[in-house]
Amino acid sequence: MLEQKRYTDSGIEIKPIYTEANTQTELPGEFPFTRGIHQGMYRNKPWTIRQYAGFSTAEASNERYHFLLSQGVTGLSVAFDLPTQIGYDSDDIMSAGEVGKVGVAIDTIEDMERLFKDIPLESVSTSMTINASGFILLALYIALAKRQGADIKKLTGTIQNDILKEYAARGTYIYPPKESMRLITDIFAFCSVEVPKWNTISISGYHIREAGSTAAQELAFTLSNGKAYLQAALAVGLDINVFAKRLSFFFNAHNNLFEEVAKFRAARRMWAKMTKELGATDHEAQKLRFHTQTGGSTLTAQQPMNNIVRVAIQTMAATLGGTQSLHTNGYDEALSLPTEEAARVALRTQQIIAEETGICDTVDPLAGSYYVETLTNDVEQAAQILIDKIDAMGGAVKAIEQGFIQEQIANASYTFQKALEKNEKIIVGVNKYMSEDQTKIPIMKIDAAIEKQQVDRLKLFKENRNQHDVQDCLAQIKKAANGSDNLMPLVIDAVEKHCTLGEIAHALRSVWGEYKG
């Protein structure tokens with residue numbers, strides 16, 4: 001009887017046994033960085049332990065941040081509500097019913113001040129998951145740091161700021177691609193001088209994977225987007241050896257442990273070659289730095305406690321693969337935003353793996369495995385085929401405009417769902433080992449009254465400001481949008497003079513319009 005063939009989630013055939021491999025011989029910290037971007041990796045410093053959090057009001061989120069910091073988190077990660085993500089104030093008709101639901105509502109510099117109350121921004125690394133309105137949130141963060149008396153040249157953190165994956169997979173875009181790329185290059189240019197330690201973009205495969213892509217597709221589409229950002233920055237005269245040092249990536253970690261490790265190793269190698277081909281000569285500009293989040297789409301509402309095991313496996317994949325930063329999901333996130341208890345368990349998962357497993361004792365511990373080395377090569381090859389197709393179309397922006405990337409993700413998602421329904425793919429508790437007993441766990445609920453509270457607060461804010469200053473700032477932003485001046489200094493000035501997020505976003509809408517997918 002012939003043994004049935006087996007494949008990774010990307011369709012790469014898995015052999016019964018591996019006896020040889022094209023093993024990389026370079027050391028960690030050496031080009032092309034397959035084995036890690038630092039020579040000592042976690043022996044010198046463990047990955048940054050983050051917990052993604054943000055909900056309801058700024059005060060409620062601030063309370064969660066202080067809790068997480070007290071529990072050993074070494075970096076903050078902020079989730080914003082949907083209106084904030086797409087440039088609407090909480091009092092906008094488009095925000096009705098969504099204020100504070102999937103993240104924290106931020107309209108003004110006063111909201112930002114409440115969000116980070118008693119947290120000195122100069123001494124904490126903050127990641128903000130924000131894209132279309134990312135330039136406004138960064139401006140608010142910088143303005144708040146200045147209020148605190150911080151040296152903004154010492155600020156560390158990341159804004160996601162990856163608009164291309166929004167067009168391809170997630171949908172929280174505002175402006176057309178050309179204008180969105182203008183905002184991104186303005187941020188690159190401004191921060192390279194004024195906020196040099198800030199990571200100005202986190203090129204995100206996470207949402208591509210959440211939308212249903214395979215691991216190889218996640219890698220290919222993410223690096224293609226990264227290549228487009230490099231080319232856009234080069235086109236406006238920026239130095240790749242400067243701005244590329246401040247680019248970071250954001251990947252997903254799923255349950256196929258070995259394929260995920262191979263994906264991360266291949267990503268470093270492919271990016272190093274890509275940046276070198278585009279002119280980067282400084283090794284620091286060739287290094288792929290990345291944050292990882294465990295797979296939200298892998299979590300199940302059925303038997304939710306099983307998710308603790310899934311998250312632990314995904315944490316192992318990310319850390320064995322050499323991530324620089326990690327967020328672990330709560331076991332209850334298929335049902336609601338994480339409760340405090342679920343967030344604590346997720347945090348402890350990282351801490352146990354960092355402190356008790358020996359992962360931090362040596363660099364790239366799976367290196368030399370015939371299987372892992374071969375799989376690293378196979379994942380790279382599968383991703384490169386897709387990248388070559390995208391390049392032939394004219395790059396990521398053209399591939400998105402033609403619907404190629406969206407179609408590839410949709411087809412992969414459909415294939416996975418068919419395999420699930422045929423029991424060719426097993427998810428424990430969903431299509432095998434089901435249980436009649438319904439596990440009841442506490443879930444987090446957002447009080448609907450917070451919307452009125454936020455709207456009332458915003459109304460008072462608008463009444464107690466200099467309206468002439470506000471209109472002047474908005475006029476200056478519109479003028480710059482029609483020209484070529486860098487928008488970031490004007491947006492920082494605007495938030496300092498009490499313009500709201502929605503007002504700034506609408507000022508640009510009036511000039512650039514909105515993208516219709």
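Residues numbered from 1 in each chain as written. Predicted model: local features only at pLDDT ≥ 70, side-chain atom pairs only at ≥ 80, totals over all residues. Heavy atoms only, no water.

A.B. asks: Help me out: how do you make sense of the overall build of the protein in this one?
C.D. replies: When its secondary structure is counted, the protein shows 20 helices and eleven strands. Radius of gyration (C-alpha) of the protein: 23 Å, near the 24 Å computed for a compact globule of 517 residues. Principal-axis analysis of the C-alpha atoms places the extent of the protein at approximately 80 × 55 × 45 Å. Split into buried and exposed, the 517 residues of the protein put 57% on the buried side. Contacts in the protein between residues far apart in sequence, at least 24 positions, make up 78% of those at least 6 positions apart. (Helix = DSSP H or I, 4+ residues; strand = E, 2+ residues; numbered from the N terminus. Rg over C-alpha atoms; globule rule 2.2 N^0.38 Å. Buried < 20%, exposed > 50% of the residue type's maximum accessible area, 1.4 Å probe, protein only. Contact = heavy atoms within 4.5 Å.)

A.B. asks: Looking at this structure, how should I read the pairing of strand β10 (residues 290-294)?
C.D. replies: The side chains of a regular strand alternate, first on one face of the sheet and then on the other. Most of β10 is tucked away, with five of its five residues classed as buried. Taken together, the five bridges between strand β9 (residues 247-253) and β10 define a ladder with parallel strand orientation. Residue pairing across strands places Phe 249 opposite Phe 290, the latter belonging to β10. Bridging between β10 and strand β11 (residues 325-327) involves three bridges; their strand directions are parallel. Looking at β11, one finds that Thr 292 is bridged to Leu 326. Read as a crossover between parallel neighbours, the route from β10 over helix α12 (residues 306-320) to β11 is right-handed. (Pairing = 2+ DSSP bridges. Right-handed = clockwise from strand over helix to strand, strands pointing away.)

A.B. asks: Would you mind showing me how to read the packing of helix α10 (residues 257-277) against α12 here?
C.D. replies: Helix-helix packing is described using two parameters, namely the angle between the two axes and the distance between the axes. Interhelical geometry of α10 versus α12 gives an angle of 30 degrees and a closest axis separation of 8 Å. Compared by their axis directions, α10 and α12 come out roughly parallel. Viewed along their axes, α10 and α12 form a crossing whose handedness is right-handed. Mapping the contact onto sequence places Leu 257, Glu 260, Val 261 and Phe 264 in α10 and Ile 313, Met 316, Ala 317, Ala 318 and Leu 320 in α12. For the contact of α10 with α12, the class distribution of residues is eight nonpolar, no polar and one charged. (Axes fitted to C-alpha atoms, helices over the stretch in contact; angles between N-to-C directions. Parallel < 35°, antiparallel > 145°, perpendicular 65-115°, else oblique. Left-handed = near helix turned anticlockwise from the far one by under 90°. Nonpolar A, V, L, I, M, F, W, Y, C, P; charged D, E, K, R; others polar.)

A.B. asks: When you look at empty space enclosed by the protein in this model, what are you seeing that I'm missing?
C.D. replies: A probe matching the size of a water molecule, rolled over the atoms, marks out where space remains unfilled. Tallied over the full model, the rule gives six cavities of 30 Å³ or more. When its volume is computed, the largest cavity comes out at roughly 80 Å³. In terms of lining residues, the largest cavity is bounded by 14 residues, among which Met 41, Thr 319, Leu 320, Gly 322 and Asp 364 are the most central. The residue inventory of the lining of the largest cavity, partitioned by class, reads six nonpolar, five polar and three charged. Taken as a whole, the second largest cavity spans an internal volume of roughly 60 Å³. As for the second largest cavity, its lining consists of Asn 131, Ala 132, Phe 135, Asn 161, Ile 163, Tyr 175, Ser 180, Leu 183 and Ile 184. Sort the elements by how many residues they give to the lining of the second largest cavity and helix α6 (residues 177-194) lands first, with three residues. Residue composition of the lining of the second largest cavity, by class: six nonpolar, three polar and no charged. (1 Å grid on protein atoms, 1.4 Å probe; cavity = no way out; pocket = protein on both sides within 12 Å on 5 of 7 lines; lining within 4 Å. Points joined across faces, edges and corners; volume = space filled by probe spheres on them.)

A.B. asks: Mind showing me how you'd approach the nonpolar core here?
C.D. replies: The nonpolar side chains of a soluble globular protein tend to be buried, and buried together. Core analysis: the largest hydrophobic core is formed by 131 residues, its most contacted members being Met 112, Phe 116, Met 128, Phe 135 and Ile 504. Among the elements that line this core, the one with the most residues is helix α4 (residues 134-148), at eleven residues. (Core = buried A, V, L, I, M, F, W, Y, C linked by side-chain atoms within 4.5 Å.)

A.B. asks: What am I meant to see in the environment of Asp 9 here?
C.D. replies: Mapped onto the secondary structure, Asp 9 falls in the loop between β1 (6-7) and β2 (13-14). Here Asp 9 falls in the partly exposed class, since its relative accessible area comes to 31%. In this view, Asp 9 contacts Thr 214, Asn 256, Glu 259 and Lys 425; residues no more than four positions away in its chain are not counted. Within the structure, Asp 9 has its side chain in polar contact with the side chain of Lys 425 (distance 2.9 Å). (Polar contact = N/O pair within 3.5 Å; in protein donor to acceptor, adjacent residues only side chain to side chain.)

It is worth stressing that arrangement in space is one thing and function is another; only the former is reported here.
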